[in-house]
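Chain by chain, the residues run as shown.
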Amino acid sequence: MNRLFVVNKPIFRSSNGYMGYVKRKYGTKKVGFSGTLDPFATGCLIVATGQYTKLFQYLNKTPKSYKATLWLGANSPSLDIEKIDSIKEVSEFTEEQIEDVLKSLQGELTYYPPKFCAKKINGKRAYELAREGLEVELKTITSTIYDIKLLNYNHPFVHFEAKVSEGTYIRSLGALVAEKLGVDGTLSSLHRIHEGEFYFDDEKALNPFTHLSIPSNVYTGDEEYIELGKKLSKEYFETKEDGVYLIETSNFFYIIEIVEDTVKYRFNRIPKFEEEEVVCSV
């Protein structure tokens, strides 16, 4: 079964661990997801089964939007509620002070990712090293904060919403807010609202070919050649410039790459999306 959809990941479940539930629900063995959510985070998680798992890298998944709650006075090396080691009372701020700090983060932002993250250091995940008590040294990254706004301030909790580029760490964003306010702070909740045009809608099956970030091209040659995976010439494509393209034939979709005078298959014979009822079993 080939299926693309969005699940609403529950709290205290790892993204990878939640896939076991998805496999049982849809009666399939091949399941993948895109855009890992931390165990304490909830919300939009893009999931695919079958051959559609090959399409994640080509999906239009940006910008992403999150709702988060920053707990002022709480400290955690993981920057979330997983490892809170101290809680202090801090003086109340005005909403204007908090709004000014949030606005100061808009635009291009360079910062350190959390030590408890999935980035690899010498072949091991940073969070694995951090949990072992080892020193974690990460390089700075740059993200774009398209918009960030205060939703509500009920001291010591700051509820905010952020629209950001792919790869942004909202835990680090919360830590920067607390740092600018001069206090400890950690996220107590995090919910991903959407990724690009992907949002939770009762796990409705989606047509992946309307959500790709690559342009379409037209193959003008004999369809039998491309369906049999034979060598192709760029002369048989309407667009001949170098690039990665989506190709549609009567029965299948293909992703090909044109490099100078060579045409390479990236993925071939991907079945077309069909609207159908899916019988789920739990």
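In case you missed it, the structure is sitting above this.
Source: prediction; values computed, not measured.

**Section: helix 2 (residues 95–104)**
When helix 2 is considered as a whole, its buried residues turn out to be Ile98, Val101 and Leu102. All buried residues of helix 2 fall inside an arc of 100° around its axis, so they share one side. Projecting away from the buried face of helix 2 at angles above 90 degrees are the exposed residues Glu96 and Lys103. Among the structural elements, strand 10 (141–154), strand 11 (157–164) and helix 4 (170–181) are those in contact with the buried residues of helix 2.

**Here we look at helix 1 (residues 15–26)**
A rise of 1.5 Å per residue sets the reference length of helix 1, with its twelve residues, at 16 Å; its end C-alpha atoms lie 17 Å apart and thus fit the reference within 8%. When we look at burial in helix 1, the residues that qualify are Ser15, Tyr18, Met19, Val22, Lys25 and Tyr26. An end-on view of helix 1 places all buried positions within 120° of arc, on one side of the element. Considering only its buried residues, helix 1 is in contact with strand 1 (3–9), strand 2 (31–34) and strand 3 (42–49). Downstream of helix 1 by a residue or two, Gly27 has a phi angle that is positive, lying close to 60°.

**Here's the deal with a negative patch on the surface**
A surface patch of like charges, here negative, comprises Glu95, Glu96, Glu99 and Asp100. You can see Asp100 is positioned in helix 2. Judged by its relative accessible area of 45%, Asp100 is partly exposed.

Here is what the cut-offs are and how they apply
Residues numbered from 1 in each chain as written. Predicted model: local features only at pLDDT ≥ 70, side-chain atom pairs only at ≥ 80, totals over all residues. Heavy atoms only, no water. Buried < 20%, exposed > 50% of the residue type's maximum accessible area, 1.4 Å probe, protein only. Helix = DSSP H or I, 4+ residues; strand = E, 2+ residues; numbered from the N terminus. Arc of directions from axis to C-beta. Contact = heavy atoms within 4.5 Å. Expected span 1.5 Å × (residues − 1). Patch = residues over 30% accessible without salt bridge, like charges linked within 9 Å, V, L, I, M, F, W, Y side chains within 5 Å. Areas by Shrake-Rupley, 256 points an atom, 1.4 Å probe, with all protein chains shown as cover. Salt bridge = Lys/Arg side-chain N within 4 Å of Asp/Glu carboxyl O. Lys, Arg positive; Asp, Glu negative; His and termini not counted. Charge placed at Lys NZ, Arg CZ, Asp CG, Glu CD.

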